[in-house]
Amino acid sequence: GGTQTRLPVSFGQQRLWFLDQLTPGEPTFNRPYSIWLDGQLDAGALQRAMDSVVARQAALRTSIVAFDGVPEQVVAETGTVPIERVDVSAEPDRTERIRQAESIAADRAGRPFDLARGPLMRAALVAAGPDQHLLILVMHHSICDDATMRIVMAELSAFYRAETSGGAASLPSLWMEFGDYAVWQRDRLRGEELERLLSYWRGQLRGAPELSLPADRPRPVRPSYRGAVAAVTLDAETTGRLAAVAHGTDTPLAMVFLTGFAATLSRYARQSDIVIGTQVAGRSHAELDPIAGMFANTVALRLSLADDPTFAGLLSRVKNATRDALMHAELPFEQLVEDLAPGGAGEDRSFAPPPIVQVQFVYGSLSVPPLDVPGISSRGRVLFTGTSRFDLTMYADATDDQSAVLTLEYSTDRFDPPWAEVFLGGMVALLSHAAAAPGTAVAGLPLPSDAMAGNLVTGR
């Protein structure tokens, strides 16, 4: 019921819709967050603040519906995201209350969305004590990227402060909505501009090999997209040395971790030519900064380790490849897939490796912005849903104590937990030695290569 607007989907939404059809009933593309709130919280004001955010951001009132087999955005004029209320505070043991709250978060995170029925966001508030609550926010990836979560939390904070103080929320004007961006994107990416971008990426990726890591099992005929995670902390001393390498080469710390990931992949796969996917924000104009929606795009970095580069030399190659990719990042990954791997957005690709890139690197996306309101302390984290879109996704995040956390999300179709632990251990060993001696050849950096031996398979 109510007034609705039909609009084209963005290219990113289109691919997510197609992939969702391959995995019905699976939470493959959920973006879940849990935020602990300590202090006296006004739950009613929080709900009213959420209503204001949803009223302001059209993406949060959007569903994706197929008309004659073609997905379109359907944007409701009005809508709400009701915050489910759960109370576990009657449990006398604090540890058990925390466990129950976290269990509820995991359950809500793992529930799939029906893309044709909005909202594509759910929220729950678990009372674990009079002054302790767990806020759970889950969005489908088709309406959410990392910047969207920052927008939602900033606006939720602003509207909550207004509700509890009697003032007005001060927020930037929205000059357009996400649906307008999707129309603009489709109008722009055609003709000469589309061909210019495609020409660049065809040249970059022509002849690029599939990454052939040793694995516990060969690739299944049909992927399940099930996954698991493993994590390791890089101590503050090593992280500081890596930061010094970054500073000395005028390179972001993210690229140092990407270089370590590339070097580890190359060593274990025994390939000098590798392709790694990474995320770019996709918000190319300032007017897009305050708008919720899935703007993020994947770019494919083709990296060469030919001629036995040093770690510092490989870092320079990563820097150059990233710079060039960012200059051509406007081409949606979905269109690149269709051009280089026809059928890649639909059923025909369901029995093949992930097209173009099999591994991905992401920096800084596991940090959750706080609910910034008086009297409340906030700490949050991203929840994993037991799925994996790629064979491997490496997340690198700096922490408040100057250490870094490396989190590896891996496909359980191919890899078991010991494999992931060995890979992470290898990357830590390689980075630790590179931090101390960045002039060492990548091929000479210590790596527990024997740990990848045994009953493993190679190739697809």
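Residues numbered from 1 in each chain as written. Predicted model: local features only at pLDDT ≥ 70, side-chain atom pairs only at ≥ 80, totals over all residues. Heavy atoms only, no water.

What the three strands build is an open sheet, ordered 1-4-3; its pairing is antiparallel. Edge strands, defined here as strands with exactly one partner in the open sheet, are strand 1 (4-8) and strand 3 (62-67). Within this sheet the neighbouring strands show an average axis-to-axis angle of 35°, counted without direction. Taken together, the six bridges between strand 3 and strand 4 (residues 70-76) define a ladder with antiparallel strand orientation. The residue of strand 4 that forms the bridge with F67 is V70. Helix-sheet contacts for helix 5 (residues 178-188) involve strand 1 and strand 4, and the interaxial angle to strand 1 is about 30°. (Pairing = 2+ DSSP bridges. Helix = DSSP H or I, 4+ residues; strand = E, 2+ residues; numbered from the N terminus. Axes fitted to C-alpha atoms, helices over the stretch in contact; angles between N-to-C directions. Contact = heavy atoms within 4.5 Å.)

With that settled, the discussion passes to the environment of D413. Here D413 shows up in the loop between strand 14 (404-411) and helix 11 (417-436). Its relative accessible area of 17% is what places D413 among the buried residues. Separated by 193 residues in sequence, D413 and P220 have C-alpha atoms that sit 6.8 Å apart. Residues within four places of D413 in sequence aside, it is in contact with R217, P218, P220, P223, S224, Y225 and R226. For D413, the side chain forms a polar contact with the side chain of S224, separated by 2.7 Å. (Buried < 20%, exposed > 50% of the residue type's maximum accessible area, 1.4 Å probe, protein only. Polar contact = N/O pair within 3.5 Å; in protein donor to acceptor, adjacent residues only side chain to side chain.)

Scanning the model with the defined rule gives 13 aromatic pairs in all. Taking the centre distance of 5.2 Å and the plane angle of 70° together, the rings of W17 and F18 count as edge-to-face. With relative accessibility at 24%, the residue F18 sits in the partly exposed group. These aromatic residues form a ring-pair network of at least three members: F261, Y268, F361, F415, W419 and F423. Here the basic side chain of R6 rests over the ring of F67, its NZ or CZ set 3.6 Å away from the ring centre. (Phe/Tyr/Trp six-rings, centres within 6.5 Å; stacked < 30°, edge-to-face > 60°. Lys NZ or Arg CZ within 6 Å of the ring centre and 35° of its normal.)

Before going further, it helps to examine the sheet that holds strand 9 (residues 273-280). Strand order across the open sheet formed by six strands is 8-14-13-11-9-10, with mixed pairing between neighbours. Edge strands, defined here as strands with exactly one partner in the open sheet, are strand 8 (227-234) and strand 10 (297-304). Across this sheet, the average inter-strand angle for adjacent strands is 25°, counted without regard to direction. Both strand 13 (residues 392-398) and strand 14 contribute to a ladder of seven bridges, which runs antiparallel. Bridge pairing links Y395 to T407 in strand 14. Where helix 8 (residues 253-269) meets the sheet, it contacts strand 8, strand 9, strand 10, strand 11 (359-363), strand 13 and strand 14, and its direction lies at approximately 155° from that of strand 11. Relative to the sheet, helix 9 (residues 311-326) contacts strand 9 and strand 10, its axis offset from that of strand 10 by approximately 145°.

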